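Geometric and topological summary
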Amino acid sequence: MTNPSAAPVSTKFLNVLVIGANGYLGTAICSAFLRTNAPPTSFRVHGLIRRESAAHQLAMNEIIPIIGSLSDPDMVRTAVLSHSPVWDIIVTCTEPSRATEAAHWSDLLAFIQDLASESASHGVRPFVLWSSGCKDYGTTGLHGEKSLTPHSEDSPLQSHPIIRGRMDAALRVLEVAGAEGSDFTAAVVRATPVFGYSGSYYGAAFDYAAAFAGAFGKDDIRSRTLDFTSDEGTIMHGVHVDDCGEGYVALATAALPDDDRRRRIAGKVFNISGRRYETLREVGAALAQEYGFGHGARFGLAQDELPEAVSGHNCGLVFGWSQWVSSERIRNLTHWCDKRSLFSENIGVYRLAYEAAVEAGLDDVEKVRRRMAGNWGDDHKAAE
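Presented here is an overview of the structure given in this document. Positions within a chain are numbered from 1, following the residues in the order the chain's sequence is written. Per-residue local features are limited, in this predicted model, to residues with pLDDT of at least 70; the limit for side-chain atom pairs, both in listing and counting, is 80 or more; totals at the level of whole chains, interfaces and linings are taken over all residues. The side-chain figures draw on all heavy atoms in the structure; neither hydrogens nor water molecules are used.

Take the overall build of the protein chain next. A count of helices and strands for the protein chain gives 13 helices and 13 strands. Taken over the C-alpha trace, the protein chain has a radius of gyration of 22 Å; the compact-globule value for 384 residues is 21 Å, and the two agree within 12%. Dimensions of the protein chain along its principal axes, counting C-alpha atoms only, are 70 × 50 × 40 Å. With 384 residues in all, the protein chain has 53% of them scored as buried. Here, residues are in contact when the closest pair of their heavy atoms is within 4.5 Å. Excluding contacts between residues fewer than 6 apart, the proportion of contacts in the protein chain whose partners are at least 24 apart in sequence is 79%. When charges are counted, Lys and Arg contribute as positive and Asp and Glu as negative, whereas His and the chain ends are disregarded. By convention, the point assigned to a charge is CZ for Arg, NZ for Lys, CD for Glu and CG for Asp. When the 36 positive and 47 negative side-chain charges of the protein chain are each reduced to one mean point, those points stand 3 Å apart. Think of it this way: any DSSP run of H or I at least four residues long counts as a helix, any run of E at least two long counts as a strand, and we number them from the N terminus. Two things to know: the radius of gyration comes from C-alpha atoms, and the globule rule equals 2.2 Å times the number of residues to the power 0.38. Buried, partly exposed and exposed residues are distinguished by accessible area as a fraction of the type maximum, computed with a 1.4 Å probe on protein chains only: under 20%, between the cut-offs, and over 50%, respectively.

Here, the word disulfide means a covalent bond between the sulfur atoms of two cysteines. Any two cysteine sulfur atoms lying within 2.5 Å of each other are counted as a disulfide. If you walk through the whole model with that rule in mind, you get zero disulfides. Not engaged in a disulfide, the cysteine Cys 30 finds its nearest cysteine sulfur in Cys 93; these two sulfurs lie 7.0 Å apart. By relative accessible area, which is 0% here, Cys 30 ends up buried. With no disulfide of its own, Cys 134 lies closest to Cys 244 among cysteine sulfurs, the gap being 9.2 Å. Owing to a relative accessible area of 1%, Cys 134 belongs among the buried residues under this scheme.

Our next topic: empty space enclosed by the protein. Cavities and pockets are defined on a 1 Å grid built over the protein atoms alone: a cavity is a set of grid points where a 1.4 Å probe fits but cannot escape, while a pocket is an open set with protein on both sides within 12 Å along at least five of seven lines, and lining residues are those with an atom within 4 Å of any such point. Grid points are joined across faces, edges and corners, and a volume is the space filled by probe spheres set on the points. Per the counting criterion, the structure on display carries two cavities of 30 Å³ or more. Approximately 940 Å³ is the volume attributed to the largest cavity. Every residue lining the largest cavity is counted, 42 residues in all, and those nearest its centre are Glu 95, Ser 132, Arg 166, Ser 200 and Tyr 201. Elements supplying a minimum of two residues to the lining of the largest cavity: helix H1 (24–35), helix H4 (101–120), strand S9 (235–236), helix H10 (316–319) and helix H13 (363–372). In this classification, Asp, Glu, Lys and Arg are treated as charged, Ala, Val, Leu, Ile, Met, Phe, Trp, Tyr, Cys and Pro as nonpolar, and every other residue, Gly included, as polar. Of the residues assigned to the lining of the largest cavity, the class counts are 24 nonpolar, 10 polar and eight charged. There is about 30 Å³ of room inside the second largest cavity.

With that settled, consider helix H5 (residues 164–177). The terminal C-alpha atoms of H5, which comprises 14 residues, lie 20 Å apart, in line with the 20 Å expected from a rise of 1.5 Å per residue. When H5 is considered as a whole, its buried residues turn out to be Arg 166, Met 167, Ala 169, Ala 170, Val 173, Leu 174, Val 176 and Ala 177. Buried positions along H5 lie against H4, strand S5 (127–131), strand S6 (185–191) and strand S11 (269–272). Between the first and last residue of a helix there are one fewer steps than residues, each counted as 1.5 Å, and that sum is the expected span.

A word on unusual backbone geometry. In this model, Glu 62 sits at a positive phi of 65 degrees, which is unusual for a non-glycine residue. For Glu 62, the location among the structural elements is in the loop between helix H2 (55–60) and strand S3 (64–67). Given the relative accessible area of 63%, Glu 62 is considered exposed. The phi dihedral of Tyr 197 is positive, around 60 degrees, even though this residue is not glycine. One can find Tyr 197 in the loop between strand S7 (194–195) and helix H6 (203–214). Given the relative accessible area of 42%, Tyr 197 is considered partly exposed.

The next subject is the pattern of salt bridges. Here, a salt bridge means any Lys or Arg side-chain nitrogen found within 4 Å of an Asp or Glu carboxyl oxygen. Overall, the coordinates contain 24 salt bridges when judged by the stated rule. Among the ionic pairs, Arg 77 bridges to Asp 114, the shortest N-O distance being 2.7 Å. Here Arg 77 is found in helix H3 (residues 73–81), whereas its partner Asp 114 is found in helix H4, with 37 residues between them in sequence. For Arg 77, a relative accessible area of 28% corresponds to the partly exposed category. The residue Arg 276 makes a salt bridge to Glu 282 at a minimum N-O spacing of 3.0 Å. You can call Glu 282 partly exposed: its relative accessible area is 28%.

By this definition, two strands are paired if DSSP reports at least two bridges between them. Ordered in space as S3-S2-S1-S4-S5-S6-S11, the seven strands form an open sheet in which the pairing is parallel. Two strands bound the open sheet, and with one partner strand each, they are S3 and S11. Neighbour to neighbour, the strand axes of the sheet diverge by 25 degrees on average, direction disregarded. With four bridges joining them, strand S4 (residues 89–92) and S5 adopt parallel strand pairing. Considered in S5, the bridge of Ile 90 is made with Val 128. Helix axes are fitted only over the stretch in contact, all axes being lines through C-alpha atoms; the angle between N-to-C directions runs from 0 to 180 degrees. Relative to the sheet, H1 contacts strand S1 (12–19), strand S2 (41–49), S4 and S5, its axis offset from that of S2 by approximately 160 degrees.

The structure is reproduced here in structure tokens:
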């Protein structure tokens, strides 16, 4: 029997800095690090945020808030180093607006180089996990096509123009980290779209179904279909945001200095995706059932065949971006696996969470709605 009064084992804390900790993905990554605490090694998680109003929520969740803006390098450097001169792991998960992204990516890399230099002077070379995304690869074919193959980390890069700056920044950080004399090592994480809680871009699916349902009366909807312009074979490959956060932690723990796997991780790209993809047919049918459409879902309709109520819902990046992504590299190297239900499997619960986030007025929801409306260049709430 374990003796609760036995002498405690001294815990070694590793310092983690998550840049953009109050964002949708940043929150999940912070929480995943905290759940992974396993003495004698544990993580002390710090979150760099731009707005003081977000500090309280981080502190409530045992994340140490640090307030600072990358656009003020002296101030943010002082703020971060006042907590520690040594950083073991640095994670980036920011989403700047298109209007500011060029300066943002440059400032972010310069900031990491500065922190790494200070940390290395104390004998610790940080490991950086830099977030990009699987849209860097472009699209694949549709479900059922004979030539269909998944994207891997070795696939050619064919980024959507909207996120080209993010892709280029990720390539640049690998170049800098791999240069002789660099004070940090790095890996790039490319996750598929994520869902759960406030929904991220999957929230647009709920907004679309709700608007479509709102075009008809409660009795009328039972004789209607939920209609989509995209092909039913469109591949929607996502992963729950909690599982995505766990993937970051799996890479970080595998890259600790006393683990020889670090050399197999540094300088590499890792995809994070769900255990299988879903099709628009699956997701559409689940949405139709959830919102009460008695005749299911239809696909491949013309835009002018849809109700006027959904004319403002530009969901091409959600329903029309077909992509199958392999995540075998991270699974084989770290034994990470996703555990949460797929989107179509638990859609009622995910809808409940999303509607609660809408009611609470969360910034994440409004940011996605602005972008779905085509406003990518004036997002003043981009996380830092």
